[in-house]
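Listed here are the chains, written in short residue letters.
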Amino acid sequence: MTARKKKTAKKKTTRKAGWGGSRPGAGRPPGTGTGPSKDARINRVVAMLSNDELKTLQKHAKRQKLPLGTAAYQIIAKALRRL
């Protein structure tokens, strides 16, 4: 005959885990603010680069002392103006 396992009772907790939800009065009230400017870049585009292309872009960004994303944006924007 096998021995039966005792069932352990679940502990009842009165406190919620974590920091909780939103706090009243925290943050900017909804509907205030001017929103994005008309010239804001809000559309995201993804490009896949080879290792060589990425190295070239990184060198260019470093020479220009720009973040990688800004350097990529400038190259794309310049090319689009030529179309």
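Summary of the structure given here. (Residues numbered from 1 in each chain as written. Predicted model: local features only at pLDDT ≥ 70, side-chain atom pairs only at ≥ 80, totals over all residues. Heavy atoms only, no water.)

Together, Leu49, Leu54 and Leu68 give the surface a local cluster of nonpolar side chains, amounting to about 220 Å² of exposed area. Tracing the backbone through its elements, the reader meets Leu49 in the segment before helix H1 (51-64). Judged by its relative accessible area of 44%, Leu49 falls in the partly exposed class. (Patch = residues over 30% accessible without salt bridge, like charges linked within 9 Å, V, L, I, M, F, W, Y side chains within 5 Å. Areas by Shrake-Rupley, 256 points an atom, 1.4 Å probe, with all protein chains shown as cover. Salt bridge = Lys/Arg side-chain N within 4 Å of Asp/Glu carboxyl O. Helix = DSSP H or I, 4+ residues; strand = E, 2+ residues; numbered from the N terminus. Buried < 20%, exposed > 50% of the residue type's maximum accessible area, 1.4 Å probe, protein only.)

With 14 residues, H1 ought to run about 20 Å at 1.5 Å a step, and its terminal C-alpha atoms sit 20 Å apart, in line with that. Two residues or fewer after H1 comes Lys65, characterised by a positive phi angle close to 55°. (Expected span 1.5 Å × (residues − 1).)

Moving on: the packing of H1 against helix H2 (residues 68-82). Where H1 contacts H2, the two axes come as close as 9 Å, and the packing angle between them is 100°. The angle between H1 and H2 falls in the class roughly perpendicular. Packed against H1, whose contacting residues are Leu54, Leu57, Gln58, His60 and Ala61, the element H2 presents Leu68, Ala71, Ala72 and Ile75 at the interface. Counted by class, the contact of H1 with H2 contains seven nonpolar, two polar and no charged residues. (Axes fitted to C-alpha atoms, helices over the stretch in contact; angles between N-to-C directions. Parallel < 35°, antiparallel > 145°, perpendicular 65-115°, else oblique. Contact = heavy atoms within 4.5 Å. Nonpolar A, V, L, I, M, F, W, Y, C, P; charged D, E, K, R; others polar.)

What follows concerns unusual backbone geometry. Here Lys65, not a glycine, exhibits a phi torsion of approximately 55°, which is positive. Inspection of the secondary structure puts Lys65 in the loop between H1 and H2. Accessibility expressed as a relative area gives 77% for Lys65, which makes it exposed.

The subject of this paragraph is the environment of Gly69. Checked against the element boundaries, Gly69 lands in helix H2. Under the relative-accessibility criterion, Gly69 is labelled exposed at 53%. C-alpha of Gly69 to C-alpha of Leu57: the two residues are 12 residues apart in sequence and 9.5 Å apart in space.

Spatial relationships are all this shows, so hold off on functional conclusions.
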